[in-house]
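Topology and contacts: notes
These are the residues of each chain, in order.
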Amino acid sequence: MLIKNVHVNNQAALTDVLITDGKFAQIGPDLTAPAGEEVIDGQGKLLLPPFVDSHVHLDSTLTAGEPEWNETGTLFDGIRIWSERKQDLTKEDVKRRAKQTILNMVGHGIQFVRSHVDVTDPHLIATQALLELREELKDVVELQLVAFPQEGILSFPHGKELMEQAVKEGVDVVGGIPHFEFSTEYGWQSVHFLMALADKYDRLVDVHCDEIDDPASRNLEVLATEALEREMGSRVTASHTTAMGSYNDAYTYKLFRLLKMSGINFVANPLVNVHLGGRFDTYPKRRGVTRIKELTAAGINVSFGEDDVKDPWNPLGDGNMLDAVTMGVYIAHLMGYGQLQDSYKFVTTNAARTLHVTDHYGIEVGKPGNCILLNEKDFYNALNRHVEVLYNIRGGKVLAKTTPAETTVFAD
Ligand SMILES: [Zn+2]
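Keep in mind it's a predicted model, so treat the numbers as computed, not measured.

Cut-offs applied
- Residues numbered from 1 in each chain as written.
- Predicted model: local features only at pLDDT ≥ 70, side-chain atom pairs only at ≥ 80, totals over all residues.
- Helix = DSSP H or I, 4+ residues; strand = E, 2+ residues; numbered from the N terminus.
- Rg over C-alpha atoms; globule rule 2.2 N^0.38 Å.
- Buried ≥ 20, exposed ≤ 12 C-beta atoms within 10 Å, placed from the backbone.
- Contact = placed C-beta atoms within 7 Å.
- Core = buried A, V, L, I, M, F, W, Y, C linked by C-beta atoms within 7 Å.
- Domains from an automatic or database assignment.
- Nonpolar A, V, L, I, M, F, W, Y, C, P; charged D, E, K, R; others polar.
- Pairing = 2+ DSSP bridges.
- Axes fitted to C-alpha atoms, helices over the stretch in contact; angles between N-to-C directions.
- Right-handed = clockwise from strand over helix to strand, strands pointing away.
- Expected span 1.5 Å × (residues − 1).
- Arc of directions from axis to C-beta.

A few words now on the overall build of the protein. Helices and strands together make up the secondary structure of the protein, namely 13 helices and 15 strands. The C-alpha radius of gyration computed for the protein amounts to 21 Å, which stays within 12% of the reference 22 Å derived for 412 residues, consistent with globular compactness. Along the longest, intermediate and shortest principal axes, the C-alpha atoms of the protein span 65 × 50 × 45 Å. The proportion of buried residues among the 412 residues of the protein is 51%. A separation threshold of at least 6 residues defines the contact pool for the protein, and within that pool the share at least 24 residues apart is 75%.

Set out below in C-alpha cells:
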C-alpha cells in the first residue's frame, strides 16, 4: 500500500508512506507504488500511528442501567451496581458486549487496548471470556488484559488466589485497588503482593491507585518504591492517582522525586475522573483529576484512557479517544497552541509506552504498517472538529473506513 501526501506524526512537511509485506518500507517524498499496489491519496491530511486506549473495562461495557442506573454518580455506587450485575455474567454476554465495543473503537482508529477485567469472581467468567476474545480478535486489535480485583485483594474472599489464578490463565498485566481495601495496611499489603506476583510471573503492572478525593490516600508512594527497588519502573503503571489532585504541594514535591526515579507510567481518565471526582464536595468542588500537566512537565509518561464505555461508572462513551483528549486538555489546563498540537501523544505514543509495545508501534521503517488517516491537516484542527478517522490501516490493509458526513447550509 502506498499512502500519498500526508503529514506524518503531525509534521509540517508532506510525505509519502509505502507499506510492503505488512511493514513500513519507505517514508519520503515522491514514492512510487510497485505495480498492482493499492494507492491511497492522503490529500494533505494527518497520518498518525493508531490510537491506543490505555485504560478501559471491557467486561462491564454496555451494561449501563442494568440492573439500575447510577444516579448518584459515585465510584462506590458504581461498584455496588456492578457487583449485582456481575451475578448474571455469562461468557457469551461478556464476549458479545466487549466485541461490540472493540469494533466500535476500531472504527474510531484504535488498534491497541488495555482492558481491566474484574477477577473478584470465584469463577473468573469475564476473565475467560476476554482471554478468548483476545485470541479471536488478534488480527484486529492488540488486547492486553489486566487482572483487576474490583472488590479488593485482601478484602475479598480468596482475593490472592483469584489474582494468581487469573495470571496463570494468561492475563498480561497484574492490577490492584489499594485505596478500596478495608484498611490502609491492607492497601499497602496488596501493593506488595501484586508487585511480587508480577515479578514472579514476569507480567506488567497497572494499578487503580488512589482513585479517591482523599489526600491521605498515599498508595502511590508504596507502588513507586516497589517499582524502583525491583527495577520494574517502565513496566509499571499507576492509573487514576486522582488523590494527587488533593495532595499538598510540599508532599507532592517530595513525591515527584521518587516518581521520576522510579520511571513508572501514569494513566489519567479525564472523562470518568471529572465525572466521579468531587462527588462528596459541596463547594469548592474538586476536579478529581491527577496532576497531568505537572507530571508531563517533569518528563513522566502520562497517557489517557476512556475507562468506561456505557457502564455503571459512565453512562456515556463511544470508544472515541478524541473525547478523552478534549476533556483532558480542558481540565488539565493544556490549552496552549503547542500543547493542543501535541495532545495526540496522550492517546498514541505515550499510551504505547504505557502498554510497553513501543518495539512494534509507530510510523517507522521496519515496524508493522499500522496507522490512521485523520480528516484534517494537523491535530489542532482534528481535535477541534472532532474529525473522522478516514482509514484505520493495519499491516498495510484497510481495517476500517469512514465516509465523512456532508452538511449543506442553505443561507446567503
Ligand atoms: Zn478503571
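Next comes the rest of the account.
Turning to the nonpolar core, a few remarks are in order. Soluble globular proteins: nonpolar side chains tend toward being buried together. Judged by nonpolar contacts, the single largest core of 103 residues is most densely connected at Leu47, Ala147, Leu194 and Val347. When residues of this core are assigned to their parent elements, the largest contribution, seven residues, is made by helix α10 (residues 321-331). With near-sequence residues (within four places) excluded, valine 347 lies in contact with Phe51, Val52, Ser303, Phe304, Met321, Ala324 and Val325.

Structurally, the protein comprises domain 1 (2-49 + 362-401) and domain 2 (51-358). Of note, the centres of domain 1 and domain 2, computed from C-alpha atoms alone, are 30 Å apart. Taken together, the 16 residues of domain 1 in the interface contact 18 residues of domain 2. Here the residues of the side of domain 1 that touches domain 2 are counted per class, giving nine nonpolar, five polar and two charged.

On to the sheet that holds strand β6 (residues 110-118), then. An order of β5-β6-β7-β8-β9-β10-β11-β12 is seen for the eight strands of this open sheet, with the pairing classed as parallel. A strand with exactly one partner marks an edge of an open sheet, and here the two such strands are β5 (51-57) and β12 (302-304). Relative to β6, β5 is paired through five bridges, and the arrangement is parallel. Counterpart to aspartate 53 in the pairing with β6 is valine 113. Against the sheet, α10 makes contact with β5, β6, β11 (265-268) and β12, and its axis sits at roughly 125° relative to β12, the strand it touches most.

To continue, consider the environment of leucine 143. Residue position: leucine 143 is located in strand β7 (residues 142-148). Taking the number of C-beta atoms within 10 Å as the measure of exposure, leucine 143 has 21 and is therefore buried. The sequence separation of leucine 143 and threonine 349 amounts to 206 residues, and the corresponding C-alpha distance is 16 Å. Not counting residues within four places of it along the chain, the set of residues in contact with leucine 143 comprises Val113, Ser115, Arg134 and Leu137.

To continue, consider the sheet that holds strand β2 (residues 15-20). The strands that make up a sheet are held in pairs by hydrogen bonds between backbone atoms, and each pair lies either parallel or antiparallel. In space, the seven strands of this open sheet follow the order β3-β2-β1-β4-β13-β14-β15, with mixed pairing throughout. One side of each edge strand has no neighbouring strand; the edge strands of this open sheet are β3 (23-28) and β15 (397-401). Neighbour-to-neighbour, the strand axes of the sheet open up by a mean angle of 35°, direction not taken into account. As defined by bridge partners, strand β1 (residues 2-8) adjoins strand β4 (residues 39-48) across six bridges and the pair is classed as parallel.

On to the pairing of strand β10 (residues 236-240). Most of β10 sits inside the fold, with five of its five residues counted as buried. Where strand β9 (residues 204-209) lies against β10, five bridges are found, and the strand directions are parallel. The residue bridging valine 207 from the neighbouring strand is alanine 238, located in β10. At this point the chain moves from β9, through helix α6 (residues 219-229), to the parallel β10, and the crossover so formed is right-handed. In this structure, β10 lies alongside β11, joined through three bridges in parallel fashion. Within the sheet, the bridge partner assigned to threonine 237 lies in β11 and is asparagine 265. Regarding the hand of the β-α-β motif, the stretch spanning β10, helix α7 (residues 249-262) and β11 is right-handed.

With omega at -10°, the peptide bond leading from glutamate 66 into proline 67 counts as cis. If you trace the backbone, proline 67 turns up in the loop between β5 and α1 (75-85). Following tyrosine 283, the chain continues into proline 284 via a peptide bond in cis, with omega recorded as 0°.

Residues three or four positions apart in an α-helix share a direction because the helix packs 3.6 residues into each turn. Its 12 residues place the ends of helix α3 (residues 125-136) 17 Å apart at the C-alpha level, agreeing with the 16 Å of an ideal helix rising 1.5 Å per residue. Of the positions making up α3, those classed as buried are Ala126, Thr127, Ala129, Leu130, Leu133 and Arg134. For α3, the arc enclosing every buried residue in end-on projection is 165°, short of the 170-degree limit, so these residues lie on one face. Among the exposed residues of α3, those oriented more than 90 degrees off its buried face are Glu135 and Glu136. Residues of α3 that are buried make contact with α2 (91-107), β6, β7 and α4 (159-169).

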